[in-house]
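Here are the chains, one letter per residue:
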Amino acid sequence: MKSSKEKITGAEIVIKALIEQGVDTVFGYPGGAILPVYDELFQQKKIRHILVRHEQAATHAAEGYARSTGKIGVVFVTSGPGATNSVTGLTDALMDSVPIVVISGQVPTFMIGNDAFQEADTVGITRPCTKHNWLIKDTNKLAETIHRAFHVAKTGRPGPVLVDIPKDVQFASGCYTKKKKVSTDFFKPELSLDPNLLTETVQRLEKASKPIIYTGGGVINSGEKAVNLLRKLVSKTNFPITSTLMGLGSYPASGDNWLGMLGMHGTYEANMSMHDCDFMLCVGARFDDRITGRIDAFSPNSFKVHIDIDPSSVNKNVTVDVPLIGDVAIILEELIATWEKRGSKVSSQKLGQWWKEIGEWKNVKSLKYTNSSSVIKPQYAIQRLEEHTRGHDRYISTEVGQHQMWAAQFMGFEEPNRWMTSGGLGTMGYGFPASLGVQVAHPKSLVINVAGEASWLMNMQELGTAVQYRLPVKQFILNNERLGMVRQWQELLHGERYSHSWSDALPDFEKLAEAYGIKGIRCEDPVKLDDAIQAMLDYPGPVIFDCLVEKHENCFPMIPSGKAHNEMILGEQTQSDNISDEGAVLV
Amino acid sequence: MSLNLKKGVNRQSAYNLRDPNIDYEAAHTLSIIVDNESGVLARVIGLFSGRGYNIDSLTVAEIDHSGHRSRITIVTSGTPKVINQIKAQLNRMVPVHEVIDLTLKGKAVQRELAIFKVNGTGNQRVEALRLADVFRAKVVDSTLKSFTFELTGNSEKIDAFAELMEPLGLLEMARTGIVALLRGHNSS
Ligand SMILES: Cc1ncc(C[n+]2csc(CCOP(=O)(O)OP(=O)(O)O)c2C)c(N)n1
Ligand SMILES: [Mg+2]
């Protein structure tokens, strides 16, 4: 590896390497051990730095930035507490396959191991929550390592990486290595596609009488091409399609073959189709327990094909018949090519029968709920929000809880990269900072965080960031004054003993907004909801929308943990026929 | 609405407690070629402890100085599904170059080295020395009332020798854990 002879400081190398990697935005928070890098940041104009108010928020903002753009999110943190504060975001990104690069300052090399001020074993702590991490002890290795870090973050299944740089390494001089001089051979996930397996898959596609396509975040991670190919495959086959929480938007919610989300709070038709199908094509999803329910009763009669770029995701939870390891776009392209070459056809008669069966499940109307004229039902609030914003250039993030599931159920996503939510880790406090990261990447777009009041409080300090950078994010808080999802489980599974699931001592959200000089809106009357939402959309800056909703609403349908898909429980509204349809909202 | 569970009943757990991996468990010897860099062993061990895999034996040493490569030999046990999972998880680690399942690949030579300190006098001492000879253990140190033996062999041989030395005054032992290579003229 040749390096140019000219020597520059480690801190300069960091900035130079990021610029060469095409980084235009960094989310971060300074501190002693990363000051040399911040000094360099100050002296250049190519990289914009967004100062968050807590390092956890920097990681989630970087995730929001990455997921809404398909690029890599970058974070700067200092040593010790700065680094430990990034752990939740790293773990979140690992679970949801989001490519982010965290650059952390470290105490000088000669002090490592001495319990120096703000020393933490950052690579030790973050080892299990990164794809890989590096502690750099030689300034000459710095550029090379940063380029490698970017390569690892985006190659194969994307994920987070961390580069820990002691302060003396930032000060010392060393040689810069250009990106193109750094070999990427050290990390090359092996992907070999067996043409026989492709043919077998296509044969099964042709023969299937009760097929389903089950997609996940992998389709979106693979990119636009994968999304287009998926849509092409669906229109060629006329198969029904469902998706995990992470994959919403890869197939349009308005599409004819869309069954809605599957899983614990998925639709009846999606879950029943998964249970009863005879052929399952899983594309970029990983058979998570929120999806499968009881594993030994999961889709008992289907032939399963699994497309995934990560071999460790295959046969981990569910044993499949045909694994197709590789990038979703490449495999779908091959599949469709094989399909076309064979002149394949599906039996429209068998498929028609299957669609008829699915139609009956759809008629159950599993998302039905009882509306009210005196109190805002949370589902209604989301429906109205959807109604007012559908068709906008819109990005939605969420926190974690009931509101998240309602947003997934009642909002329609037509395109990928428009939906940011913490799926694998279920991190309360994700949505607000993620919305900031999205807004930074898309300054002109409408960015809404659908929040629960409890989750939102977990990173509410980021109001400062929103105001400082004039990020007009809308915080749409479904305020049930409860840790709603916890309350629901306590009601259903813990004998109605509501142990510590109250959101007591809530702030006055309108006044809180006022304190930051932004707009606060409160609404508790369903009649006034439309105007209030419109006022939120009309306001050019950040808004906190305190939407006071029914406190005891449960999120249905629901597959209780450890139950099978066909044991799902439906809402009271769908369960009993004696409640009239009046006031019930059909979806 | 409640699911009609008796108060205090918590069998209906929030998590699925059923172990879906009730299947036949077998021991596998894995040979893992890794970059010899700081923290690499911690990564591999962390994977095992973090995901609840077993480690029955573990050895590691550099095998290629100029190429900075080490070989980690791990004996683990699990159902076929778990073993496949372990290999897939290892394979996706950045410093891991190769994972070879010696148990599946064919016959492997497996060896351990052990050192035994046996204290005794009179007939006991003579018997210990005689058995050491039978096992082809070497005397590497001795005092008037003790022997220190060195023994290499497969794990069963080490176990058998330890068992015999027990009544003859076995004071303490140390063993390396298994190293292994595939038999035959091909590389693993
Ligand atoms: C950091 C974190 N702590 C705890 C939990 C467990 N948890 C899941 S949902 C939830 C309640 C969320 O309440 P809120 O944000 O108000 O949303 P709601 O369910 O009421 O819509 C809790 C505590 C979690 N997911 N994340
Ligand atoms: Mg709440």
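Everything numeric in this text was worked out from a predicted model, so none of it was measured. (Residues numbered from 1 in each chain as written. Chains lettered and ligands numbered in written order. Predicted model: local features only at pLDDT ≥ 70, side-chain atom pairs only at ≥ 80, totals over all residues. Heavy atoms only, no water.)

J.: What should I look at first to understand the overall build of chain A in this one?
T.: Along chain A, the regular secondary structure elements total 24 helices and 22 strands. In summary, chain A has a C-alpha radius of gyration of 25 Å against a globular reference of 25 Å for 587 residues, a match within 12%. Seen through its C-alpha atoms, chain A measures out along the principal axes to roughly 75 × 65 × 40 Å. In chain A, which comprises 587 residues, the share counted as buried stands at 61%. Accessible area of chain A: about 22200 Å², with a carbon and sulfur share of 49%. One way to put it: in chain A the 60 positive side-chain charges average out to a point 7 Å from where the 67 negative ones average out. (Helix = DSSP H or I, 4+ residues; strand = E, 2+ residues; numbered from the N terminus. Rg over C-alpha atoms; globule rule 2.2 N^0.38 Å. Buried < 20%, exposed > 50% of the residue type's maximum accessible area, 1.4 Å probe, protein only. Areas by Shrake-Rupley, 256 points an atom, 1.4 Å probe, with all protein chains shown as cover. Lys, Arg positive; Asp, Glu negative; His and termini not counted. Charge placed at Lys NZ, Arg CZ, Asp CG, Glu CD.)

J.: Would you mind showing me how to read the packing of helix H11 (residues 224-237) of chain A against helix H14 (residues 328-341) of chain A here?
T.: For any two helices packed against each other, one specifies the crossing angle of their axes together with the interaxial distance. All names here are of chain A. For the pair H11 and H14, the least separation of the axes is 8 Å and the interaxial angle reads 30 degrees. Relative to H14, H11 is oriented roughly parallel. Two packed elements cross with a definite hand, and for H11 against H14 that hand is left-handed. Along its contact with H11, which presents Lys225, Ala226, Leu229, Leu230, Lys232, Leu233, Lys236 and Thr237, the element H14 presents Val328, Ala329, Leu332, Glu333, Ile336, Trp339 and Glu340. (Axes fitted to C-alpha atoms, helices over the stretch in contact; angles between N-to-C directions. Parallel < 35°, antiparallel > 145°, perpendicular 65-115°, else oblique. Left-handed = near helix turned anticlockwise from the far one by under 90°. Contact = heavy atoms within 4.5 Å.)

J.: How should I be thinking about the sheet that holds strand E6 (residues 132-135) of chain A in this particular structure?
T.: The strands making up a sheet are joined through hydrogen bonds of the backbone, oriented either antiparallel or parallel. Residue and element names in this part refer to chain A. Reading across the sheet, the six strands line up as E3-E2-E4-E5-E7-E6 and stay open at both edges, with parallel pairing between neighbours. Each edge of the sheet is formed by a strand with only one pairing partner; in this case those strands are strand E3 (48-51) and E6. The sheet shows a mean angle of 20 degrees between the axes of neighbouring strands, direction not considered. Here strand E2 (residues 25-28) pairs with strand E4 (residues 73-77) via two bridges, running parallel. Residue pairing for E4: phenylalanine 27 is matched across the bridge by valine 75. (Pairing = 2+ DSSP bridges.)

J.: How should the site of ligand 1 be read in this particular structure?
T.: Residue and element names in this part refer to chain A. Around ligand 1 sit 17 residues, and of these Gln402, Gly426, Ser455, Gly484 and Met485 come closest. At 2.9 Å from an oxygen atom of ligand 1 is found a side-chain nitrogen or oxygen belonging to histidine 403. Compared with its free state, where it exposes 580 Å², ligand 1 has 76% of that area covered by protein. Secondary structure elements with two or more residues in the shell around ligand 1: helix H17 (402-410), helix H19 (453-457) and helix H21 (484-493). Of the residues in the shell around ligand 1, the class split is seven nonpolar, eight polar and two charged. (Near = heavy atom within 4 Å. Polar contact = N/O pair within 3.5 Å; in protein donor to acceptor, adjacent residues only side chain to side chain. Nonpolar A, V, L, I, M, F, W, Y, C, P; charged D, E, K, R; others polar.)

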